2 protein chains.
Amino acid sequence: MQLFYDPDFVPPLHTLGEEESRHCVRVLRLTEGASLHLTDGRGTLYRCRIVSADPRRCTVEAVETVHDFEPLPYRLVMGVAPTKNADRFEWFLEKATEVGVTAIVPLETDHSERRVFRPQRGEKVITAAIKQSLKAFRPELRSLAPLREVLEAPFEGRRFIAHCDQARSQAGKRYLPAALHPGEAALVLIGPEGDFSPREIDAAIACGFEEITLGTQRLRTETAALTAVVMASVVNTIHNS
Amino acid sequence: MQLFYDPDFVPPLHTLGEEESRHCVRVLRLTEGASLHLTDGRGTLYRCRIVSADPRRCTVEAVETVHDFEPLPYRLVMGVAPTKNADRFEWFLEKATEVGVTAIVPLETDHSERRVFRPQRGEKVITAAIKQSLKAFRPELRSLAPLREVLEAPFEGRRFIAHCDQARSQAGKRYLPAALHPGEAALVLIGPEGDFSPREIDAAIACGFEEITLGTQRLRTETAALTAVVMASVVNTIHNS
């Protein structure tokens, strides 16, 4: 199955952009009448037929519409401090998209190694990943947000902060897969290489965040973030198996 | 804590290689009397004191020896078909080392995209990862092996094959985190982008491998492989939390 992405698709007729038209006609050598799939990234999957195999303006017609195609059965928002090396963060965006995530919020923290975040490359990575893993729901990449803003924003679900410091709260640190329950919406915060500052951890707890651990291993920021994404997937899958 | 790696370290005195000496003296600016840690990658961690801060031949003396430093509480061997893009496989080696793996076997399969595997870069990646994540046990990177060899080799533990085809065995496919139990040694096989061939899957089952799934998401080879590594870690951690 070949999946194309266009958030502006309005059925029935649609003309692919120049890059996708070329890919479709020149690279994949699809001709008139051939079918391909297209998604708006908001859950709708269209099976389309090529009506004009123009390498610059390939026009397709939707012949079948599937709403809510394979939705993620839970909400997971990951707040992650961008890594100094942009590739590492983009790698996380690709992998999190494959495994399953609702939204990613790049965090600006006391020890952040990057305070400027240009979303363009990340958006490209996410688009390539939904096409590759055939997803109709595209994860949302939010803009860089100061931690304080994320701590104080309302969130319908459990809110967790993963940090390497001593537990501050009475409850102590719980292991994410033991703390999270199937179907629960979750917001998980992952700090920079230098960890969240004590001040930030206290602020998170004061805002009602639960302290969690991802295990005893020392993980890089992007590894910790993907580990949390896989853990949420396991918690939401294992009870059905 | 600064961790250095030298498989040939023989206490008490040791002279670091040229690259590590330079890193130690020029980059970290460590001087005589300063302490650093060194591992042989076989589980022994030495706390050392610098006796000669020579930027080309830095000599250290072991002042404390810790045997079996933070061993992985389970055995996990990952058999993974190398990806066409070498970076993706090396990325897996780095992340698997961080999360926890005993050994990695690059697999030669019917649909393999790479039939030649040069371990040098992978070894470098693993060494950098154990230093970065402070591990005294270095995962073993085996040489490229034909699948058949791995299927027929003896293994003390559960043996799993993750594939995307229909389940062949009576038992069907089980979800890895539900099939694996804490403390069990496991060998998990992950196929190439084109999956294992039906012939290979049948051969694995005939050799006693259990068919598993990693969930319903479509994962790239290296993502599937790391997902399995995280799942094994969760299974072995959650029962203690």
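All residue numbers here refer to positions counted from 1 along the written sequence of the relevant chain. Chain labels run from A onward and ligand labels from 1 onward, assigned in the order the entries are written. Given that this is a predicted model, residues contribute local features only at a pLDDT of at least 70 and side-chain atom pairs are listed and counted only at 80 or more, while totals for whole chains, interfaces and linings are drawn from all residues. Side-chain numbers come from the whole structure's heavy atoms, not from hydrogens or water.

Draft legend 1. Fine view of the packing of helix 2 (residues 86-99) of chain A against helix 3 (residues 119-132) of chain A. All names here are of chain A. Here an angle of 0 to 180 degrees is reported between the N-to-C directions of two axes, which are lines fitted to C-alpha atoms, with helices fitted over the stretch in contact. We count a stretch as a helix when DSSP gives it H or I for four or more residues in a row; a strand needs E for two or more, and each element gets its number in order from the N terminus. Helix 3 packs onto helix 2 with a crossing angle of 30 degrees between their chain directions and a minimal axis gap of 8 Å. Between helix 2 and helix 3, the interaxial angle falls into the category roughly parallel. Note that helix 2 runs across helix 3; the crossing there is right-handed. Across the interface between the two elements, Asp-87, Glu-90, Leu-93, Glu-94 and Thr-97 from helix 2 touch Arg-121, Gly-122, Val-125, Ile-126, Ala-129 and Ile-130 from helix 3. Its residues placed into classes, the contact of helix 2 with helix 3 shows 5 nonpolar, 2 polar and 4 charged. An angle counts as roughly parallel when it lies under 35 degrees, as roughly antiparallel when it exceeds 145, as roughly perpendicular when it falls between 65 and 115, and as oblique in every other case. Crossing handedness is read from the near helix: turned anticlockwise from the far helix by less than a right angle, it gives a left-handed crossing, and turned clockwise, a right-handed one. Contacts are residue-level and defined by heavy atoms, with any inter-residue pair within 4.5 Å sufficient. Residue classes follow a fixed rule: Ala, Val, Leu, Ile, Met, Phe, Trp, Tyr, Cys and Pro count as nonpolar, while Asp, Glu, Lys and Arg count as charged, and any other residue, Gly among them, counts as polar.

Draft legend 2. Molecular detail of unusual backbone geometry. Residue and element names in this part refer to chain A. In this structure, the amide linkage connecting Pro-11 to the following residue, Pro-12, adopts the cis form with an omega of 5 degrees. Along the polypeptide, Pro-12 turns up in the loop between strand 1 (3-5) and strand 2 (13-15). Unlike most non-glycine residues, Asp-195 shows phi in positive territory, near 70 degrees. Structurally, Asp-195 can be placed in the loop between strand 12 (186-190) and helix 6 (198-206). The classification of residues rests on relative accessible area computed with a 1.4 Å probe and restricted to protein chains. Under 20% of the type maximum is buried, over 50% is exposed, and intermediate values are partly exposed. For Asp-195, a relative accessible area of 12% gives the class buried.

Draft legend 3. Structural view of the relation of the copies chain B and chain A. With an RMSD of 0.0 Å, the fit of chain B onto chain A corresponds to turning through 180 degrees and sliding 0.0 Å along the axis. These values place the two chain copies in the arrangement generated by a two-fold rotation axis. Interface overlap between copies: 100% of the residues of chain B at the interface are likewise at the interface in chain A, consistent with a symmetric, same-surface contact. The copies are overlaid by a least-squares fit using only the C-alpha atoms of residues whose pLDDT is at least 70 in both copies.

Draft legend 4. Summary view of the pattern of salt bridges. Should a side-chain nitrogen of Lys or Arg be within 4 Å of a carboxyl oxygen of Asp or Glu, the pair is scored as a salt bridge. With the rule as written, the count across this model stands at 44 salt bridges over all chains. Here Glu-222 of chain B makes a salt bridge to Lys-95 of chain A, at a shortest N to O gap of 2.6 Å. Residue Glu-222 of chain B is located in helix 7 (residues 221-238), and its partner Lys-95 of chain A is located in helix 2; the two belong to separate chains. Here Glu-222 of chain B and Lys-95 of chain A have matching classes, each one buried. The partner of Arg-148 of chain A in a salt bridge is Glu-152 of chain A, with the nearest N and O atoms 2.9 Å apart. Residue Arg-148 of chain A and its partner Glu-152 of chain A are both found in helix 4 (residues 147-152); the two are separated by 4 residues, about one turn of the helix. Within this structure, Arg-88, Arg-220 and Glu-222 of chain A together with Glu-94, Lys-95 and Glu-98 of chain B form a network of salt bridges that share partners.

Draft legend 5. Region of interest: the nonpolar core. Residues belong to one nonpolar core when they are buried, are Ala, Val, Leu, Ile, Met, Phe, Trp, Tyr or Cys, and are joined through side-chain atoms within 4.5 Å. Core analysis: the biggest nonpolar cluster contains 74 residues, and Met-78 and Phe-92 of chain A together with Met-78 and Phe-92 of chain B have the highest contact counts within it. With near-sequence residues (within four places) excluded, Met-78 of chain A lies in contact with Phe-92, Val-101, Ala-103, Ile-104, Val-105, Val-188, Ile-190, Ala-225, Ala-228 and Val-229 of chain A.

Draft legend 6. The domain arrangement of chain A, seen in detail. All names here are of chain A. The domains assigned to chain A are domain 1 (3-66) and domain 2 (75-240). Taking the mean C-alpha position of each, domain 1 and domain 2 sit 34 Å from one another. Taken together, the 10 residues of domain 1 in the interface contact 8 residues of domain 2. Summed over both partners, the interface of domain 1 with domain 2 comes to about 690 Å²; 66% of that surface belongs to carbon and sulfur atoms. A domain assignment, automatic or from a database, supplies the domain bounds used here. Here the quantity called buried area is the total loss of accessible area, with a 1.4 Å probe, experienced by two parts when brought into contact, counted for both.

Draft legend 7. Quick look at helix 3 (residues 119-132) of chain B. All names here are of chain B. Helix span, expected: 1.5 Å multiplied by one less than the number of residues in the helix. The end-to-end C-alpha distance of helix 3 is 20 Å, a good match for the 20 Å that 14 residues give at a rise of 1.5 Å each. Where helix 3 is concerned, the buried positions are Gly-122, Val-125, Ile-126, Thr-127, Ala-129 and Ile-130. Note on helix 3: the residue one or two positions beyond its end, Leu-134, has a positive phi of about 55 degrees.

Draft legend 8. The arrangement of the interface of chain B and chain A in detail. Listed by partner, the interface residues are 32 residues for chain B and 32 residues for chain A. Taking both sides of the interface into account, the surface hidden between chain B and chain A amounts to around 2,800 Å²; carbon and sulfur atoms contribute 56%. It is Tyr-175, Gln-217 and Arg-218 of chain B that lose the most area in chain B upon contact with chain A, and together they represent 23% of the buried surface on that side. By the criterion applied in these results, polar contacts are pairs of N or O atoms within 3.5 Å in which, for protein atoms, one can donate a hydrogen and the other can accept it, and in which residues neighboring in sequence qualify only through two side-chain atoms. Summed over the shared surface of chain B and chain A, the number is 18 residue pairs in polar contact (both at pLDDT 80 or more). Counting only elements with at least two residues in the side of chain B that touches chain A, the list comes to helix 2 (86-99), helix 5 (176-179) and helix 7 of chain B. Take the side of chain B that touches chain A: its biggest share by element is 10 residues, from helix 7 of chain B. Its residues placed into classes, the side of chain B that touches chain A shows 14 nonpolar, 8 polar and 10 charged.

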